[in-house]
Structures are given as C-alpha cells and as structure tokens.
Amino acid sequence: MPPAASAPDAAAADGDPEAAPPVPTYRSLAAPVCNPVDKFALLPAFLKVRGLVKEHIDSFNYFITKGIKNIIQANNRIEARSDPSIYLRYKDIHIGVPSLQVDFRVENITPHFCRLTDRTYSAPVYVDIEYTVGKAHTLYRKSNFIIATMPIMLRSYACVLNGKDEAELARYGECPLDPGGYFVVKGTEKVVLIQEQLSKNRIIIDTDNKGRVIASVTSSTHEVKSKTVIVMDKEKIYLQLNRFTKPIPIIVVMKAMGIETDQEVVQMVGRDPRYGDLLYLSLQECATERIYTQQQALRYMDDKALPGAGNIKDGQAKVLLRDVFVAHVPVKNGNFRPKCIYTAVMLRRMLDAILNSDTFDDKDYVGNKRLELSGQLVSLLFEDLFKTMNEFVMLRMNKNSDMARSSPLDFSQLIQQDTTITSGLERAISTGNWDIKRFKMHRKGASQVLSRLSYMASLGYMTRITPQFEKTRKTSGPRALQPSQWGMLCPCDTPEGEACGLTKNLALMTHVTTDQEEGPLMNLCYSLGVEDLSLLSGEEIHAPGSFLVMFNGLILGKHRQPQRFANSMRTFRQSGKIGEFVSIFVNEKQHCIHIASDGGRVCRPLIIADKGRSRVKEHHMKELRDGIRSFDDFLRDGLIEYLDVNEENNALIALYEHVDQDDVERSSITHIEIEPMTILGVVAGLIPYPHHNQSPRNTYQCAMGKQAMGNIAYNQLFRADSLLYLLVYAQRPLLTTKTIELVGYDKLGAGQNATVAVMSYSGYDIEDAIVMNKSSLDRGFGRCIAMKKYTVITEKSDRIAKPQRDKDGDLIKQNMRALDEDGFIAPGQIIRNHDIYVNKQTPKVATTAPGTVLTSRDYRDSPAVYKGVDGETTVVDRVMLCSDTNDKLTIKCIIRHTRRPEVGDKFSSRHGQKGVCGTIVQQEDFPFSERGICPDLIMNPHGFPSRMTIGKMIELLGGKAGVSCGRFHYGSIFGEPSGNADKVEDISHTLVKHGFSYNGKDFLYSGILGHPLQAYVFMGPIYYQKLKHMVLDKMHARASGPRVLLTRQPTEGRSHDGGLRLGEMERDCLIAYGASMLIFERLLLSSDPYQVQVCTKCGLLGYYNHKLKVSFCSMCKNGENMAKMRMPYACKLLFQELQAMNVVPRLKLTEG
Amino acid sequence: MERPATGVTYQRFPRVKIRELKDDYAKFELRDTCASMANALRRVMIAEVPTVAIDLVEIESNSSVLNDEFIAHRLGLIPLTSSAAMGMRFSRDCDACDGDGSCEHCSVEFHLAARATDSGQTLEVTSTKDLRSTDPKVCPVDQAREYQQALGNIDPYDGDPQGDHRGILIVKLRRGQELRLRAIARKGIGKDHAKWSPAATVTFMYEPDIRINEELMETLTLEEKTSWVESSPTKVFDIDPNTQQVVVSDPEAYTYDDEVIKKAEAMGKPGLIEINAKEDSFVFTVETTGALTAYELIMNAITVLRQKLDAVRLQDDDADLGELGAHL
C-alpha cells in the first residue's frame, strides 16, 4: 500500500490519545487510524467461514475429494495371474449420499437417525470400473459401482448437513451449534483425535541418551518409511541404519555413493577448515580400512548388511542405500548425487551443532511437529483396506481360475461380495485401534467417544491433540510450555496428572494444513531462480551468500538472492497464485530457505503490515461489517495471510497497530495480530479475566468447565445419550468474554449467576465448602435433570407381555405398577427401585419345531428391572423402540431424575475454585443488605489469598456493575486495551453511579440477630457451575450384603453394594493402638469367618461329616485328633490352593 | 441503652410510623425497640407468614418441551392471592380430608388446559390466561389484579398501568402441543419452601444519625464541599444552592459505607462528620410477591409473632398449641 493512500487518515491520528505524543512527529502523523475494536470483527468473520473444528472437516474433505482419488490412481489395476488380460481397472471414485439399504431399497439417512437407531452414518463409495470377463475378454464398463460404505464425518462435503442453514438443520434434528467433525458409528459419536508427531523428512540435530550428537531423519514416502541416523561417536562419524548390523563410517557411505575423493566430501560439507578438522578422524578411519573406491566401499557395506531376500548379501548395500537410506530423497536412474548432497547437508548441520551448540534442534519446538488429523488417519486405513481387498480378490480369482468353472471369471462380482473396507473402517473408528500392518502402525485409542457431558466438553474434544510418545516418562521437556505455541496451541488447556503438558488443545484461530500438490510449486521455485543442484559442484553448494532451498525436506537447489526469492514467493502467496498455507521460511542460521506445503502444520492468520502499517484499513472493515467482504476476500486481497510456526520466525508481530512499543522500531513490524485473545483455546476462552488469575487456576478451570452441567445442544431432549445431565435454569454469564459469544456458550450456558458473599459463615464453609441459601434452591438454583438410558435388546423369540393381573384386575406383582398395557413402561410414570420397565418374556425351550405356536405357559419371565435409589422420585421420560442392525427389537427407556442441590454436591466458579456445598441455610438466617439483597451462596474468603484468583474478584465487580446498569460486561483475555474487557476503574464508576461502594463491598446485617456485620462484605454475582459429581451418585454404605463367591469376602465397590475395606494402613493403626479385638472383629467376624477341622497330628485341614456327625482327617484316615478352629475363608482357600501346588501348609495348634 | 435497675421492667413500647404504603410495598419506621425485635419481625415476614401455593400437580397430558417436574416447579412458584390463608388449615392438620384437594378448609383446586392449535404462533401459557382456580378467593395474583381493574379499582400506585401485564409465563407451546393438568394449592409457610414466602424483599436498616460539624464544614471551599458531597456513592448530602451549605438531604440513603468519613480524613478534616446508627430505630422496607398486600403481611407477621410468644408462655401449661406447634 503506498504511503500516500493513508494521508487523509493521518490527520485524525491526533485524536488517538495513546498514539499521539505531545509534539506531532512524522511517526505519529503517519500512524494510520485503526480503531482497535474494529479489527475484532475479523474474528467472527474468520470463525464464520472456518467453523470451530474446520481442521477436522477440512482434512476429511481433502481425503474424500483428493486423497481417495490418489489412492485409487496408484492401485488402479488388478489382474488374474493366469491370464493378465482378465483385469479390472478403477477409473474414478467418489462418495455418495449417506444412505442405508433396507430390503433392497436405498434410504437416505441423517446423523440423528443413526444416533437414535445405533447405526453407522455412512455413505456408499462408488467407483467407475472397466473390466474384462471370461475367456472372450469381453470388456464391460460400470459406473457407480459400490465397493464399500464409509463412515462420513458430520458437516463434511459428503454429509447431508453440509451447507445447511439453521432451519434445515433443525428439520434434520441437528443442533446448529454442534460443530460436526466427528463420526457416528453404531450410534455412538466418535472423534478421531488430532495426533501429534515429529515432522517427517526433516533433519533433526539432537543428542542421544549417551550424549552423542546425532542427526536423524525419519523418511516417509508412500512406499517406504525408514529412519536414518548419523551419529558422532568418539569424534568419528557413523551411519546407523537398522538394516546394517554395525554403524558404517559415514565416509564409506559417501564413497559407496560415488564420492570417491576425500576432497569432494569435504567440499560438499563446506570449506570451513573447522569442518575439515572434525572430519579428519572419520577420513582417516576410512583410509585405515583401505577403502578408496566405490566398489571397496560397497563390498565393506555388503558385509555389514543384514541379508535381504533370498539370503543374498551381495549388492545388498546398494539396494539399501537406494531404498532405505534417507528414503525420501529419490534416486533417479541410479543417480546418487542428490543423496550425497543431502548426506553432506546433514553432516554440515551436525558439525555446525558441534561447533555452536545453539544450532541444535528442539524436538519440542512446534515447528518441528506435525498434526495428524482424522482425514489422514482414515486415508491410511482406507489405503490399506483397499489394497487388502484387491489382494484378496486377486487371490480368490487365482484360486477360482485354477478350477474348471461354468460361469466366466468376473472381478466385479468378487469385489461386490467383499466387505473388507466397510467392516475395517467401521471397526477401526468404533474401537479406536488403528492396526495397519502395511504401514507398521499400531495405535490404540485413536478415536474416542465424544463426551456430551456439556457443550464445552464436546468442543474441547474436537480441539484436543494427543501425543504419540508414552505418557509415563517423567520428562519435563515435552511437557513445558513452548514459546512457539504462542497463538497456535492454548497455553492453559491441558489436563493435570500424567498427561499434563502432553495433551494440548488448539487455540481459537489455529488452522491445520492439508497436503498440497508439490509439482507446480517446485516448478515455480525453479523459475524464480533456484539453481538445480545437479548442475553445481560440491564447492558451489555452500558458496557464501547463497541459500539452499529446501522443499518439504528435499533439497531443491540453491538461490543466490534468498531474501528476494522469499519475498517473491510470499507475494505469490498473498496474491493467491499459490496456496495460502504454503510456508516460506528463511533460516538465516542454517542458510536455508524452507518451503513447506505438507499437511499437518499448524498456522494462523495474521494481518499483514507494511513497515508497521496495517494493510487492513477502516474501509475494509466497513465492507466487512456491511457484509460485502468476507474473510476469504481479505485473504485473496493480500490483507491477511496464514503463517506457520516456522515462518513466524521471519515475522515481527505487533499486538496492536496503534500502540507504540519502545524497544521495537515500528518499520520493522511485518504483521499485526488479529486479536490477542485468540491465544487461548475454546475452553479457556470462557474464563473471564484469565490474565488476572494465577496460571494454574485457568488450567484447573479448563478441566472443570468440561464437567459443568448445562445445556448440551438444542436437540438435547431428542437425544438418547446413556447419561445426560442438564441444568433446569441454565443462564448465560453476566460477565462474558468475546470467545463465549463466538462459540455459542451464551446460548448453551452451563451455570448460573449466583449472588456470592465472600464471608465466613457458620463454620460449614471451611476447606472451600460453600453455604447455600435454601430459598435460592427452592427457586431453582442448581436444580438439574439427570437422564439415564436403559436399553433392552430382545431376541427374536422373546415377547413383551402385558402386566399380569388377577381376576379383579389388580396387578399380581406390585413392581409392575409403572407398566403400560403394552408391557413397556409408560412415559410420565414415576418409576421406583425394583420396578419393571420392560415386561419381557423368553421361551423356556430354546428351539421349537417350526409351526408350533407357543402359549403363555411356554414362556418364562425375563423382565428388565429398574435399579434406582430408594426414596428418589424418578420419572420415565421417553420409551423408544427401534430395530437394530440385526433386526432385533431394541427398547430404550430414558429415565429422568430432577435433583436439587444437597449437601456434598460440587460447585465451581470459572476460576478453578471448586467446592462442595457445606450446608444449606434458611434465607432468613442469611445476611442481607439494606437494599434487601440476600446472597445465594456464601464463599469463605480463605479461598482467595493462596489461589490468587483476582479474575474472580473482577468478575464479581463486573457482574455487579452489569446487573445494576443492565449491560453485559466483558472480561476477554488481554482485552482492556482493545475494549474487549471492562476496566476495574470503569466498573467502579458504574458501581458508584448505582449507589454501591466502588470496591464492591456491601454493608450487611446478620440474618440471625439483626445486627450489622463487623466488616463490609464483598458481594456480587459470580457465574457458578454445577459439576457432575453429586453425592447421590456416590454415597454408599452397607451393613451386610453380597459376598464374592470364591473368597466369601464382601464384594468391592459401590456398584456391587460392596463393603468398605479396612485396609493395611487402617489395620496398622489398630495394631499400634492395640485394639486386637477390633481387628479380630473386622478381619474375621465381619468378613469371611469359617469353621475348619484341623488335624492336630498332621496339621492339615480335615472335614466334618454331617451324616455321622464326626470330623475326619483324610490324610491320617481317621478322626481322632481333630480340632475345630475359626479362620478366614480366604485363609482356608489359600491352604487348599497351596496344597494343589504341592506345598504343604501345616497348622500347629497350641491348644486342641 | 441504659441498663435499667433491678426490678424495673424491661418493657418498651415500640412505635410504628408508616412512611409509605402501597399494595405490595411498604416503608415504615419502627422505633423504641431493639434489633432483636426488628429482626424477629423480618424473619417472621419472610418465613412464617402463611400463604397458599400450588403444592400438588397431577399432569394429565404434557407434550410441551418442559418436563412434568419442571412445570410443577414453575406452577408452585406462582404467587396466589392468600388473604384467606390465615384462616385456612394446614393440610397435614386438616381432619376433614386427607389432603387430596377435595377439602375446602385446606386446599384449592386449579385447572390448566391449553393446546396450541394450528397457528404458526407460539402459544404462551400464562398464569393470567390459563390457570383456573375453583375458589375465587385464591387465584394467581395477576388475575386478581385484572379483576380489580375490570371492576374499575385501578391501583393508584401502579406506576405503569399500560405496562406488560401478561402474567407469569409457565410454558410456551408450539403447534400441536398440549398441557392439561390439575393442581392443588395448599397453605404453607416460607420456612418449608420459598414458594410460600409472601415476601419479595423484607429488610431494615438502622436509622442513621448524621451530624455535620458545621464549623469545620465552613472551612471548606465550595469545590471541596462538592467533592466531599460527591464522594458518597448514594445521594445523602446536598449543597444548598442559596446558602452553599452542606445539608443532609436524605439520611436514609446512607449505606454505612464510611466513604464520606474517609474522604473527610483524606481532606485532612477528621471529625467533619459524625455518623452513628440509632440503635433503637429501624427503617423497614417490605415488598411482597403480591400474595398478600404489604399491610396484610405486616399485620399477619405480628399476629404470628404474637402466637409464637403465646405458645412460649403457654408451654408450661402444656396447652394445645394448635397449628403453632408447627412453628416451634
């Protein structure tokens, strides 16, 4: 943008108090007017086009539009072994509309239908084929031939929801706020989590566990995957490759690849004498081995190679060098030169690292990471299954062709019968086990059930990134916050405990790239002056001033004017000539330009600034507000571009255009952030004033926000989740953030605005407990609905019977009172513990002769009995009948329970401050102000000093100002300068204006005695979340109850009505105390007492013959020396088990 | 307070001065008594003055989006005119019935039947329109007001007679949805459930005793006075435009926030003002839900309080406390 264009704006700069110093200098006059609030409009525009989980959908879209075609193209022909002219060729592939085949009829399906009927939301995969049949080789062509059905990601191109507006979505039974990006497999929603990996095909310089410097490359192409390691051991450099038995001196490898002179090796690495010094010992070692020629080198390597196919070692080295050693560098026509140069570059970088330890690569650096998304994972799976299917079909074809057959051979029939792909895809997504032998991939838990506990929980799932390496290691490096995460990954949202810092979440504006075509980009590079390496000598490669150009990890060539090259590439990108996600990164340290177009890089949009002046002007923003301009137009016009983590290193990014930084020259600023609040992710974005909180508190809230009850989706009442917690009166927070509005948390809130008094009350508020106002609870505060699904699957032979009645019409069994006349429970009925909800009957005999009619007498009752909490009123919400995939009748009963908060229920504010309800107090006992305000809950002030959650205090102030002036206040992170967060000063003004004290404290009277409280009390509304942990689900006690069959000890766990264990430590206490009788009682009498007969002579256990009323020792064959004693049954069992193992435990009794 | 000598009676004679009395709002002074008395009155008003509220709901048909318990809870919270509540029986004490609503002494039956017929419009089921009482004495408060208005008794205190009087929204029905139910309202007290509490706001404050040190005040300039006056978040003080003297315009607006005192100290004039709470006089603010008028609420509260005191006195006599037993 020419400077003249902003001249009219310049005058107005004086109006900006922050940008204008007292004396107008050139800089202040030239400062363009950019009202900071306006820039914000870009964020909703961005999310509108991109959605919250676009990375998932994008990657799946890439797979179904491009990836799948490439796979077919690469394996497009199968032929019979006996007669190669009998073949089948895949010409094209595409995905149809999600549908279902019912009785030879195709029905289109919707995701919600699949959720309710436990089906897979999948679409047929059509191929266009061409094949020959029979001896005559008649050529047939078929289009729209179904080879499989594939699970479809919601809201992808193949999904019926794609591009639908809110009304249409509602008609499909779908929530418009649901982001999509997951699959519905067998009725459950499955997310394929984003996987984090080290980037492929890149040189990583690191030290191994012995402290040696290594350069490693994980090569990955469609054909092979290999890992090449070059290691410096005792100042000599070796190649480590798992196909060689021993490390090979690197010079030998170079020689084997045709660089026979030492001089050329050194030249290729670089002429700096220090390199020569470091290479000296390696060169010498090669010479002592008397290896001078390529032949000698190859022979040397052949000896060290693991034998290949046919146990042949000869020539193996060359094959390995070609196919395994840095496998991603292609060897065309036996030309090893690119590989030599690549090795030399690896060596050079390694030596650099030895000379200067700054140049080590950081494995935790986000730029060295790639994110693998569902599209890529499904693509791998599909490729494997497709190949498996083809092999299988060929196998069967070959088998058949050997036999004499009446019908002609036909590939298409075989394919039609095959269900490898359909079942393989469904199985992998539903179990999460990605076992692909072909690619040596064995991953567990790649897909997980989408948690629908709260809206935030499901959004959080969609942005979650799981690590590849094991979580048990106590390393701190990968867990630490990386500076390069800025703006890409959320700094707050990570779980506590073992996965802390390893599991991450995407930030709000992050985009994950998909693969882009390489060919045109390479050509463009060459035409922009990249010199091909094949034309250069080793000496010239590292000529000073010229930079190597690396393209997706390959060395493309070198360029003499790197900066100019980079600039022109970037201009191409900004003008939309090349993909917007191509990254051009100039690495000054390595003298390299890295161009990347591969998938899985994280990047984010930034406003381009020319010498510190934003390209986005007021008129652009006006066009955006008027709806003329969309976010994509900004991209297309080169106002905004995507930078990935590497390219960010070439940029200087200002937070705001109008704020002068003292230490940064304005003209050096290249980009401007769209909004500083996008540094956080979705889940952390709902914390108000997070930048005023102690950092771990925000992390805790991120974990807790996912457990909060609230509204889940607009279609929540039509869903059939196995467990659903809803809040009766969910509210939107009084103190919101911009993120809340963007993600729709204001529409699907998970909490209520409670008036909180920060004071001590009653002593039932210690240790973070909160005191609640009974009247508030009466009026609906914290009231929630728990809906639980009970499923009954009937067999074909089962029947549902009417409730049995006697002749007066009274029920025979009282537990059938809730049943309707059809034998199912009636919706709206109150159902109590032990009530029957499906009156099912099963035939007494499994198989009957065909044609026999079963009468009632042939059936026995097998009812489904409700197991609930005694004394609670639960109500039947819905009964749903459907037939499952095996055509069995499935009955789903949804039972609803409305609960009001009770002592022990868990609540939390949005600042990681959780607490249980300590006591519930009558309203008249609660403190009140002279305005008549009475808090809903009381929180102990001790919660503040150690937690340092200043944000919560500001939330209270802002909330109070909000209710008094009738405007929602904002608390977005770092929002004060841009007006996205209200300042405390302004809030205080508002408070004073409405007759409150500026500091938010009120003068309260005791509700019990009526006297004024001694101190002013900090009181105001805070958004409180009710968490899913409720005492009702947890409380448990038992007197006597079920026992385990084997040991006769009480069962374990609440679900089995188990006993409460008196454990080792408790036992130790009792021993120390000397309470022997108590131990005796607990460990024997209350557990598993048993009377045994012991033979005092042989010390073994005997038995008691009840008929003869004598005890008998089966060892001594008499009953003379028998004694009775009591011992735990488990102990008796142990003795018997020992005996079974030929160990004789003998009891020596002191008194018989 | 002076401590009376032994043998002297502690009896005091509280005075009440009504400042303002509207249908659902009252402001009065209570003088010559102590905080315990004032607080007892407040507590009784909130928790122990009986009203009538829907307590039992029998749902015949509900195809609305809200579930049965949800609607029942909402119905319970609708204030019903309860002027007759003092004379009614608690259904647990009622020997004429077993609390099923068939008894006129303890319960009132309500009916609600609404169905959204084939119009595109959402039907709002409200307390005014749809909730039908079988007893004209007990009905939703907004119905009662409508009735009064129809009779021409326009509430003189109603600030906005043309305002939104659609009643309390119970549920919204979409086309084809239906809600039919029978509800029984019973007498109860706020202690058992907040729905029976007739009080929306009951609060009192100590009457402040504000003394300006006029001499010291005169040492201030007009600007200083203005800034001092403005330091109070509530409008307690004013400057007389004629004499430019600081006057106490509304002592009860003072919220005991000490802001003016701190300000005076900050200005270097400690003792500029002295504010004390008069410990024996209180200003009450009472707002009702409409179930009772403010007057009824106060009077009933006093009655209940007296009954309770009687009960205490009669405790030795082992007398039948009647329904008061519930309160003890």
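Criteria and thresholds
Residues numbered from 1 in each chain as written. Chains lettered and ligands numbered in written order. Predicted model: local features only at pLDDT ≥ 70, side-chain atom pairs only at ≥ 80, totals over all residues. Heavy atoms only, no water. Domains from an automatic or database assignment. Phe/Tyr/Trp six-rings, centres within 6.5 Å; stacked < 30°, edge-to-face > 60°. Helix = DSSP H or I, 4+ residues; strand = E, 2+ residues; numbered from the N terminus. Buried < 20%, exposed > 50% of the residue type's maximum accessible area, 1.4 Å probe, protein only. Lys NZ or Arg CZ within 6 Å of the ring centre and 35° of its normal. Pairing = 2+ DSSP bridges. Axes fitted to C-alpha atoms, helices over the stretch in contact; angles between N-to-C directions. Contact = heavy atoms within 4.5 Å. Buried area = accessible area lost by both parts, 1.4 Å probe. Salt bridge = Lys/Arg side-chain N within 4 Å of Asp/Glu carboxyl O. Polar contact = N/O pair within 3.5 Å; in protein donor to acceptor, adjacent residues only side chain to side chain. Expected span 1.5 Å × (residues − 1). Disulfide = S-S within 2.5 Å. Patch = residues over 30% accessible without salt bridge, like charges linked within 9 Å, V, L, I, M, F, W, Y side chains within 5 Å. Areas by Shrake-Rupley, 256 points an atom, 1.4 Å probe, with all protein chains shown as cover.

## Some thoughts on the domain arrangement of chain A
Argument step 1. By the assigned domains, chain A splits into domain 1 (53-197 + 371-462), domain 2 (203-327), domain 3 (684-783 + 903-1026), domain 4 (785-899) and domain 5 (1054-1140).
Argument step 2. Relative to domain 5 of chain A, the C-alpha centre of domain 3 of chain A lies at a distance of 57 Å.

## Digging into the packing of aromatic side chains
Argument step 1. In this structure the tally under the stated criterion is 29 aromatic pairs over all chains.
Argument step 2. Residues Y790 of chain A and Y866 of chain A carry aromatic rings whose centres are separated by 5.4 Å and whose planes lie at 70° to one another, so their mutual orientation is edge-to-face. Taken as a pair, Y790 of chain A in strand 36 (residues 784-793) and Y866 of chain A in the loop between strand 42 (864-865) and strand 43 (874-883) lie far apart in primary sequence, 76 residues in all.
Argument step 3. Taking the centre distance of 5.4 Å and the plane angle of 70° together, the rings of F928 of chain A and F204 of chain B count as edge-to-face. Note that F928 of chain A is positioned in strand 47 (residues 928-929) and F204 of chain B in strand 9 (residues 199-212), a pairing that runs across two chains. Of the two residues, F928 of chain A and F204 of chain B, both sit in the buried class.
Argument step 4. Clustering of aromatic rings is evident, with ring pairs tying together F928, F1003, Y1005 and Y1016 of chain A together with F28, F204, Y206, Y254, Y256, F282 and F284 of chain B.
Argument step 5. Sitting over the face of the ring of F90 of chain B, R92 of chain B holds its NZ or CZ atom 4.6 Å from the ring centroid.

## A few points about the sheet that holds strand 9 of chain B
Residues and elements named next belong to chain B.
Argument step 1. Taking strand neighbours across the sheet as the criterion, the four strands line up as 1-2-12-9 in an open arrangement whose pairing is antiparallel. Edge positions in the sheet fall to strand 1 (15-21) and strand 9, since each has one partner strand and no second. Each strand of the sheet is rotated relative to its neighbour by a mean of 30°, with strand direction disregarded.
Argument step 2. Those strands touched by helix 1 (residues 35-47) are strand 2 (25-31), strand 9 and strand 12 (273-288), and its axis lies near 155° from that of strand 9.

## A short note on the interface of chain B and chain A
Think of interface size as the accessible area that goes away when the parts come together; that is how it is often given.
Argument step 1. Contacts between the two partners involve 33 residues from chain B, matched on the other side by 40 residues from chain A.
Argument step 2. When chain B packs against chain A, close to 2900 Å² is buried across both sides, 50% of that on carbon and sulfur atoms.
Argument step 3. On inspection of chain B and its partner chain A, the count reaches two salt bridges.
Argument step 4. E69 of chain B is the partner of R896 of chain A in a salt bridge, and the nearest nitrogen-oxygen pair spans 2.0 Å.
Argument step 5. Taken together, the links from chain B to chain A amount to 19 residue pairs in polar contact (both at pLDDT 80 or more).
Argument step 6. Mapped onto the side of chain B that touches chain A, the elements with two or more residues apiece are helix 1, helix 2 (68-76) and strand 9 of chain B.

## A look at helix 1 of chain B
Argument step 1. The end-to-end C-alpha separation of helix 1 of chain B is 18 Å, in line with the 18 Å expected for 13 residues at 1.5 Å each.
Argument step 2. Taken as a whole, helix 1 of chain B has its buried residues at A35, A38, N39, L41, R42, V44, M45, I46 and A47 of chain B.

## Focus: the state of the cysteines
Argument step 1. Within this structure, the stated rule accounts for zero disulfides over all chains.
Argument step 2. For C525 of chain A, which is in no disulfide, the shortest distance to another cysteine sulfur is to C592 of chain A and amounts to 13 Å.

## As for the pattern of salt bridges
Residues and elements named next belong to chain B.
Argument step 1. Scanning the entire structure with this criterion turns up 84 salt bridges over all chains.
Argument step 2. The salt bridge partner of K262 is E259, with a shortest N-O separation of 3.9 Å. Residue K262 and its partner E259 are both found in helix 6 (residues 259-266); the two are separated by three residues, about one turn of the helix.
Argument step 3. Using a relative accessible area of 12% as the deciding quantity, one classes E259 as buried.

## Describing the environment of R42 of chain B
Argument step 1. Looking at the element boundaries, R42 of chain B is found in helix 1.
Argument step 2. Overall, R42 of chain B belongs to the buried group, its relative accessible area being 2%.
Argument step 3. Once the C-alpha coordinates of R42 of chain B and V202 of chain B are considered, the two residues, 160 residues apart in sequence, prove to be 6.2 Å apart.
Argument step 4. Apart from residues lying up to four places away in sequence, R42 of chain B is in contact with E924, F926, F928 and G1007 of chain A together with V202, T203, F204 and F284 of chain B.
Argument step 5. Of note is the side chain of R42 of chain B, whose polar atom sits 2.7 Å from the backbone oxygen of E924 of chain A.

## Quick word on the pairing of strand 54 (residues 1101-1105) of chain A
All names here are of chain A.
Argument step 1. With two bridges joining them, strand 53 (residues 1089-1095) and strand 54 adopt antiparallel strand pairing. Across the sheet, residue Q1093 finds its bridge partner in strand 54, namely G1102.
Argument step 2. Remark: five residues form the turn of the hairpin made by strand 53 and strand 54, two consecutive strands paired antiparallel; G1099 in that turn has positive phi of roughly 80°.

## So, a nonpolar patch on the surface
Residue and element names in this part refer to chain B.
Argument step 1. On the surface, a nonpolar cluster with roughly 520 Å² of combined accessible area is contributed by V16, I18, L21, Y295, M299 and I302.
Argument step 2. Sorting the residues of the nonpolar patch by element identifies strand 1 and helix 7 (294-314) as the ones contributing at least two each.
Argument step 3. Structurally, I302 can be placed in helix 7.
Argument step 4. Residue class for I302 comes out partly exposed when judged on its relative accessible area of 35%.

## Here we look at the domain arrangement of chain B
Argument step 1. Parsing chain B into structural domains produces domain 1 (11-49 + 197-207 + 283-321), domain 2 (51-195) and domain 3 (214-271).
Argument step 2. Using only C-alpha atoms to locate each centre, domain 2 of chain B and domain 3 of chain B end up separated by 50 Å.

## What to know about the side chain of H511 of chain A
Argument step 1. Position of H511 of chain A relative to the elements: it lies in strand 21 (residues 511-512).
Argument step 2. When residues no more than four places from it in sequence are discounted, the contact partners of H511 of chain A are R50, D58, F581, R601, V602, C603 and Y642 of chain A.

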